[in-house]
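Coordinates in review
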Amino acid sequence: MLKFFPAEREGRGENYQPKKVVRNLNPFLEVEKDNWKPVRLGENLPPKIVFIDGVRRTEYRVEIFDGNRFAGEGIFISIGAGALTVDLTGSTPRYSYPLKVVKRFFIHNTDGVEIPPLWETPVGEGKLLFKSLHSPMEDISEFANAVMRKMELLVLKEVYSPDSFVVADGPVKTSQFLPNVVYLVKESRYLYLQGLESVLFQLRKGERTPLFLFEEEVKRAKGNQTEEIKVKKVGCYVKIAQLHPQMALENPLSGIARLEVPQGGDWKIIKEMMDKGGNVAVYFANDPLRDRRSPQNLTPIAVLEKELRRLLGRYELIRRRIGSTLISLLGGG
C-alpha cells in the first residue's frame, strides 16, 4: 500500500538554478577590443509591450513509501503563466491581460509503483485537479521549473505577433530566434565577460555593454529522459537604475540586468531589439520600497506575478485540503 508522508524539507517555491557557463564565444561581436566601452541606449521605447512571466508554488511535499520501502518523493505544485500588455500610446499606461493560465501537478520521481494519474482536492464548493507527472530528473524541483518554462513558452507562442514587442522574464527558453522577443535576466552574479568586467563599473543609467556571443549548457527534460544542450546567445548588460549617493556601500552591480536572445537573427534587428529592451527595462525599473527584487523585477512583471499568485488560490487552505485528501485516500500520515 502506498503511503504519503509530509517531507521534512518543505518549501512553497524554489528559484531557478543558475545555468552553467560554457564559454564566451565572441566578446567583440559588436565592437573591437579598443572600443569596448559603454553604449548609450537610443530613445526607441516601444509603444506597446507584452510582458511574459510565470510563478510556481509548492503546496505540499511528500515522501512516498510502498509499504515500508521508500519509493521516492513528490510535490503538489501550482503553476501560473501569463502575459500582461502595457499600452503607452495614451496619456497614462494602460494594462491588460491577454492570457492567464493556471495548472496544477503532482510531480514525483518514483519507479515501479502505480501513482494515481489525477488527484481531486475539494476546496470550498469546487475542487482542484492535480495531474501526476513522472520526473525524468532526480531533482523534482528542477523538473517543476522545466514545466513552468514550458508553460511560459506556450503563453509566448499564443500571444506573439511580429509587430509586438515582448519582454520575457528569465533566461532564453527556446533556441528559436523570434523578432522583437527579448529575455531579461535579473541576476548579475554570474558575469559572462571573462576579463572585460571593468566596463560594468563604468556603466551609467541608460547605457549597455557592447553585445557579445556566449554559450550556456542547459539541462532539460525530453520525454522520459534528460539531456544537456548547449545554447548560443547574444547578450548585453544594461544599467537600468543608478545607485543613490547615500548607498555607496551597496554592490555597484545591483542596478544591472542582462538582456539576451537566441543566436540566429539579423544583426541589425538584434541591435534594435537590445536597445528597445534596455529602454523598457530602464522605464519600468522597480523601486526598492515596492519590491525587494528591485530594480530588475520590472513593475509590470511584479504586477503580473501578483495577479498569477492570486489565481493560484490560498496556500494555507490548499495545503490543508491536500493533507486531508492523502489521509482519506491513502492512509498517509
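Provided above is the structure to which this section pertains.
A short tour of the structure in this document, coming up. Keep in mind the model is a prediction, meaning the values are calculated, not measured. (Residues numbered from 1 in each chain as written. Predicted model: local features only at pLDDT ≥ 70, side-chain atom pairs only at ≥ 80, totals over all residues. Heavy atoms only, no water.)

1. Some remarks on the nonpolar core
Applicable threshold: Among buried residues, the Ala, Val, Leu, Ile, Met, Phe, Trp, Tyr and Cys ones that are joined through side-chain atoms within 4.5 Å form a nonpolar core. With a 1.4 Å probe rolled over the protein chains alone, any residue whose accessible area is under 20% of its type maximum counts as buried; one over 50% counts as exposed, and the rest are partly exposed. The way it works is that DSSP assigns letters per residue, a run of H or I at least four long becomes a helix, a run of E at least two long becomes a strand, and they are numbered from the N terminus. Note on contacts: a residue pair qualifies if any of its non-hydrogen atoms lie within 4.5 Å across the two residues.
In terms of nonpolar packing, the biggest core is built from 33 residues, with Ile49, Phe51, Val261, Met274, Phe284 and Leu298 touching the most fellow members. Mapped by element, the contributors of at least two residues to this core are β4 (48-66), β5 (69-87), β9 (165-169), β10 (181-185), β13 (225-239), β14 (256-262), α2 (267-283) and α3 (299-312). The greatest single-element share of this core, amounting to 6 residues, is contributed by α2. Residue contacts for Met274: discarding those within four places in its chain leaves Leu41, Leu211, Val234, Gly235, Cys236, Leu259, Glu260 and Val261. Counting 27 residues, the second-largest nonpolar core is a separate cluster that includes Ile75, Ala81, Ile140 and Val166.

2. Re the environment of Gly235
Note that Gly235 resides in strand β13. For the pair Gly235 and Phe212, spaced 23 residues apart in sequence, the C-alpha to C-alpha distance is 5.5 Å. Residues contacting Gly235, with those up to four places away along its chain left out, are Pro210, Leu211, Phe212, Phe214, Leu259, Glu260 and Met274.

3. Focus on the pairing of strand β8 (residues 126-134)
For clarity, the cut-off: Here, a strand pair is defined by DSSP locating no fewer than two bridges between the strands.
Where strand β6 (residues 94-108) lies against β8, 4 bridges are found, and the strand directions are parallel. Of the residues in β8, the one forming a bridge with Phe105 is Lys131. In this sheet, β8 lies alongside strand β7 (residues 118-123) in antiparallel orientation, the contact comprising 6 bridges. Residue pairing in the sheet places Thr121 in a bridge with Leu128 of β8. Where β7 folds back onto β8 in an antiparallel hairpin, the turn is made up of 2 residues, including Gly124, whose phi is positive at roughly 65°.

4. Remarks on the packing of aromatic side chains
Aromatic rings in a pair are described by how distant their centres are and how their planes are angled relative to each other. For clarity, the threshold we go by: Two rings from Phe, Tyr or Trp (for Trp, the six-membered ring) form a pair when their centres are within 6.5 Å of each other. A pair whose planes differ by under 30 degrees is stacked, one over 60 is edge-to-face, and the rest are tilted. Whether a charge lies above a ring is judged from NZ of Lys or CZ of Arg, which has to be within 6 Å of the ring centre and within 35 degrees of the ring normal.
Applying the stated criterion across every chain, the model contains 10 aromatic pairs. Between Phe212 and Phe214, the aromatic rings sit 5.5 Å apart at their centres with planes inclined by 45°, giving tilted as the arrangement. By relative accessible area, Phe214 is classed as buried at 0%. Summarising the aromatic geometry, the rings of Tyr283 and Phe284 are spaced 4.8 Å apart at their centres and angled 75° between planes, so their arrangement reads as edge-to-face. For Tyr283, a relative accessible area of 46% puts it in the partly exposed group. Cation over ring: Lys100 sits above Tyr97, and NZ or CZ is 4.6 Å from the ring centre. Above the plane of the ring of Tyr60 lies Arg319, whose end atom (NZ or CZ) is 4.4 Å from the centre.

5. Section: the pattern of salt bridges
This is how the line gets drawn: Whenever Lys or Arg places a side-chain nitrogen within 4 Å of a carboxyl oxygen from Asp or Glu, that contact is recorded as a salt bridge.
The full count for this structure, using the stated rule, is 19 salt bridges. Across the pair Lys233 and Glu216 runs a salt bridge, and its minimum N-O distance is 2.5 Å. With Lys233 in strand β13 and Glu216 in strand β12 (residues 212-222), this residue pair connects regions lying 17 residues apart in the sequence. In this pair, the class of Lys233 matches that of Glu216, namely buried. Through salt bridges that share partners, Glu216, Lys233, Arg258 and Glu260 make up one connected network.

6. Considerations on unusual backbone geometry
Backbone phi values are negative for most residues with the exception of glycine, while trans is the configuration of most peptide bonds. Within the chain, Asn180 stands out as a residue other than glycine whose phi angle is a positive 70°. Along the chain, Asn180 falls in the loop between β9 and β10. Given a relative accessible area of 17%, Asn180 falls into the buried group.

7. Let's talk about the side chain of Glu260
Where we set the bar: Under this definition, polar contacts are N or O atom pairs within 3.5 Å; protein pairs additionally need one hydrogen-donor-capable and one acceptor-capable atom, and for neighbouring residues in sequence, both atoms have to be side-chain atoms.
Along the chain, Glu260 turns up in strand β14. Given the relative accessible area of 0%, Glu260 is considered buried. Engagement of the side chain of Glu260 in a polar contact is seen with the side chain of Lys233, the distance being 2.8 Å. Apart from the residues lying within four places of it in its own chain, the contact partners of Glu260 are Pro171, Val172, Val182, Tyr183, Val185, Phe214, Lys233, Val234, Gly235 and Met274.

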